[in-house]
Amino acid sequence: MSETIQQLESVVIRSFRRFRDRYFPEKVARSDLMPVDAGGDEPQPGYLDTLPVDVQFLIMTFLSPVDICKLGATSQYWRAMVRDPLMWRYFLLRDMPHWSSIDYLSMPNLELLDAPLVSEDKSLDDREEGEEKHKELKFDYMSEYLKGCPSCRQQWLPSRPAYQLVTSFLQYLVPSSEPRYAMFGPGMEQLDVSLVTRLMHAPDLLPVSGTPNRQINGIGSGISYMFNNQHKFNILTLYSTNRAERERARLEQQSISNKLFVVEGTDDSGCPLYSPAPQVQQVCQVVDGFIYVANAEPGKAGDGKSEVAQIRAVLNCVEDSMSKPLLVLSCISREQVEETSASRCRTPCVYMAQRLGLPQLSNRWMVQDTVAESLSGLLDGIAWLLRCSGVKLYGR
């Protein structure tokens, strides 16, 4: 990003101070003088109004987005303060790395964070004066934050009419076909803890409801699971090679040839071009969606261009691929006991979506933070995938 959070924090405070000095000078005077006698006829400002702007900003950093918006409804002064684009740019940079999921509806426009800072003198003033409306729309960090923040995201989802509840109940009584999903990606093979092995031995989360199907040319098999003790679905695991080759490559710290894809060359920009192997194409034709397991551990990002090319190769080989959702499990091996802002234990899901080029896809997609050892976050991702396949989930 073009600036650090600490630098942006000082810019926000200066923007607040200049705005208050220009449009609300009486608040400056009251904050610098002794408290006014409360027995006078003149209405007294709230205690929060009389605080220095740096303290006001500090208080807002502890509030939830909903509480900040409620604060903006209390007065004209706070309405302008909480709509400062620089403040919401600060919140985006601060909070995005901690969001546990993101999808095609809530993904913020990260290009806004690479844009030059809006002038400190104009960031609040223009909004108050109503000038430069194009700039206001172009750099609407507040909308980007509220769209992507998990605590606000439910407000963007359409509510179901009452008659749909009856329809859903009737659909629940009719047996539905078992959704099938193809799972692939480097996170299945590179992590110290095998996500697939943990899935097969987690009856408290996802009981195995069917024996593994036959091997697919030695690179994978299908296993049926039961979600929420009600909904059966199948995962076809596609490995880049067989188990013996994977274990040998892991011990020798060597790369192995990927049997799922055939290299077709490179495009004009030098990015690799792949086509799925014939057996993989057959699998992709019959599944209802895809699960891509990405390696989110720091320092193990791999070749982002190859990952993007392989995901697109799988989607492009399917007729009407836009109807098939893509769930990305942004996976690490184990939970980190202690995490600091200076040392992240994982690639944030927002940046994982950017790395994999997901915003450019026409398919519905979601990135969900997942821990292989505890399977934390997995059920949320599976629930989203089942809903995309038309499965009616209750109690979630």
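In the block above lies the structure referred to throughout.
These numbers come from a predicted model, not from an experiment.

Colleague: Hey, could you run me through the overall build of the protein in this one?
Modeller: The helix and strand inventory of the protein stands at 19 helices and 10 strands. Taking all 396 residues of the protein together, 47% fall into the buried category. Here the analysis covers contacts within the protein between residues at least 6 apart in sequence; of these, 69% occur between residues at least 24 apart. Here the protein displays about 20600 Å² of accessible surface, and carbon together with sulfur accounts for 52% of that area.

Colleague: What's the story with the pattern of salt bridges in this structure? I'm lost.
Modeller: Oppositely charged side chains can form a pair if their charged atoms are brought close together. For the coordinates displayed, the defined rule picks out six salt bridges. Lysine 147 is the partner of glutamate 144 in a salt bridge, and the nearest nitrogen-oxygen pair spans 3.4 Å. With a gap of three residues between them, glutamate 144 and lysine 147 both fall in helix H10 (residues 141–148), about one helical turn apart. Among the ionic pairs, glutamate 373 bridges to arginine 334, the shortest N-O distance being 3.7 Å. Residue glutamate 373 is found in the loop between strand S10 (365–371) and helix H19 (378–388), and its partner arginine 334 is found in the loop between strand S9 (326–332) and helix H18 (349–355); the two are separated by 39 residues along the sequence. Judged by relative accessible area, which is 40%, glutamate 373 ranks as partly exposed.

Colleague: Honestly, the packing of aromatic side chains in this entry has me stumped. Any pointers?
Modeller: Any two aromatic rings considered together are summarised by their centre-to-centre distance and by the angle between their planes. Throughout the structure, instances matching the rule amount to 16 aromatic pairs. Their ring planes at 55° and their centres at 6.4 Å tell us that tyrosine 181 and phenylalanine 233 sit as a pair that is tilted. Of the two residues, tyrosine 181 is situated in strand S2 (residues 180–184) and phenylalanine 233 in strand S5 (residues 231–238); the sequence distance between them amounts to 52 residues. Neither residue differs from the other here; tyrosine 181 and phenylalanine 233 are each classed as buried. Through successive ring pairs, a cluster of aromatic residues spans Phe16, Phe57, Trp88, Tyr90, Phe91, Trp99 and Tyr145.

Colleague: What should I look at first to understand the packing of helix H1 (residues 5–23) against helix H6 (residues 85–95) in this one?
Modeller: A pair of packed helices is characterised by two quantities: the angle between their axes and the separation of those axes. Between H1 and H6, the least distance of the axes is 9 Å, while the angle of their chain directions is 160°. What the angle tells us is that H1 and H6 run roughly antiparallel. Crossing angle aside, the handedness with which H1 passes H6 is left-handed. Contacts from Ile5, Leu8, Glu9, Val11, Val12, Ser15 and Phe16 of H1 reach H6 at Leu86, Met87, Arg89, Tyr90, Leu93 and Arg94. Broken down by class, the residue content of the contact of H1 with H6 amounts to nine nonpolar, one polar and three charged.

Colleague: Would you explain the packing of H1 against helix H3 (residues 53–60) in this entry?
Modeller: Running from N to C, H1 and H3 point in directions that differ by 125°, and their axes come no closer than 9 Å. Of the possible angle classes, the one that applies to H1 and H3 is oblique. Taken as a pair, H1 and H3 cross one another with a handedness that is right-handed. Residue-level inspection shows Glu9, Val12, Ile13, Phe16, Arg17 and Arg20 of H1 in contact with H3, the latter providing Val53, Asp54, Gln56, Phe57 and Met60. When the residues that make up the contact of H1 with H3 are grouped by side-chain class, the tally is six nonpolar, one polar and four charged.

Colleague: Got a minute to help me understand the environment of proline 278 in this structure?
Modeller: Within the secondary structure layout, proline 278 lies in helix H16 (residues 278–286). Taking the C-alpha atoms as reference, proline 278 lies 8.9 Å from phenylalanine 261; in sequence the two are 17 residues apart.

Colleague: How should the nonpolar core be read in this particular structure?
Modeller: Soluble, globular proteins show a tendency: their nonpolar side chains are buried together. Met87 and Phe290 are the most contacted members of the largest nonpolar core, which totals 76 residues. For this core, the element with the highest residue contribution is H6, accounting for seven residues. Among all residues touching methionine 87, those that are not within four sequence positions of it are Val12, Phe16, Phe57, Met60, Ile68, Met81 and Val82.

Colleague: Looking at this model, I keep getting lost on the pairing of strand S6 (residues 261–266). Mind explaining?
Modeller: It is a general feature of regular strands that their side chains alternate between the two faces of the sheet. Sheet analysis places S6 next to strand S7 (residues 272–276), joined by five bridges and oriented antiparallel. Across the sheet, valine 262 pairs through a bridge with serine 275, a residue of S7. Remark: five residues form the turn of the hairpin made by S6 and S7, two consecutive strands paired antiparallel; glycine 270 in that turn has positive phi of roughly 90°.

Colleague: I would appreciate a short explanation of H19 in the present structure.
Modeller: Since one α-helical turn is 3.6 residues long, residues separated by three or four positions face the same way. Of all 11 residues making up H19, eight are buried, and the element is well covered by its neighbours. Along H19, the positions that sit buried rather than exposed are Leu378, Gly381, Ile382, Ala383, Trp384, Leu385, Leu386 and Cys388. After H19 finishes, the residue glycine 390 shows a positive phi value of roughly 90°.

Colleague: Can you help me understand unusual backbone geometry in this one?
Modeller: The phi angle at asparagine 229 is positive, at roughly 60°, despite the residue not being glycine. Counting through the fold element by element, asparagine 229 comes out in the loop between strand S4 (220–227) and S5. The phi dihedral of leucine 375 falls on the positive side, at around 60°, and the residue is not glycine. Checked against the element boundaries, leucine 375 lands in the loop between S10 and H19.

Parameters and conventions
- Residues numbered from 1 in each chain as written.
- Predicted model: local features only at pLDDT ≥ 70, side-chain atom pairs only at ≥ 80, totals over all residues.
- Heavy atoms only, no water.
- Helix = DSSP H or I, 4+ residues; strand = E, 2+ residues; numbered from the N terminus.
- Buried < 20%, exposed > 50% of the residue type's maximum accessible area, 1.4 Å probe, protein only.
- Contact = heavy atoms within 4.5 Å.
- Areas by Shrake-Rupley, 256 points an atom, 1.4 Å probe, with all protein chains shown as cover.
- Salt bridge = Lys/Arg side-chain N within 4 Å of Asp/Glu carboxyl O.
- Phe/Tyr/Trp six-rings, centres within 6.5 Å; stacked < 30°, edge-to-face > 60°.
- Axes fitted to C-alpha atoms, helices over the stretch in contact; angles between N-to-C directions.
- Parallel < 35°, antiparallel > 145°, perpendicular 65-115°, else oblique.
- Left-handed = near helix turned anticlockwise from the far one by under 90°.
- Nonpolar A, V, L, I, M, F, W, Y, C, P; charged D, E, K, R; others polar.
- Core = buried A, V, L, I, M, F, W, Y, C linked by side-chain atoms within 4.5 Å.
- Pairing = 2+ DSSP bridges.

Scope: geometric values only; no functional claims are made or implied.
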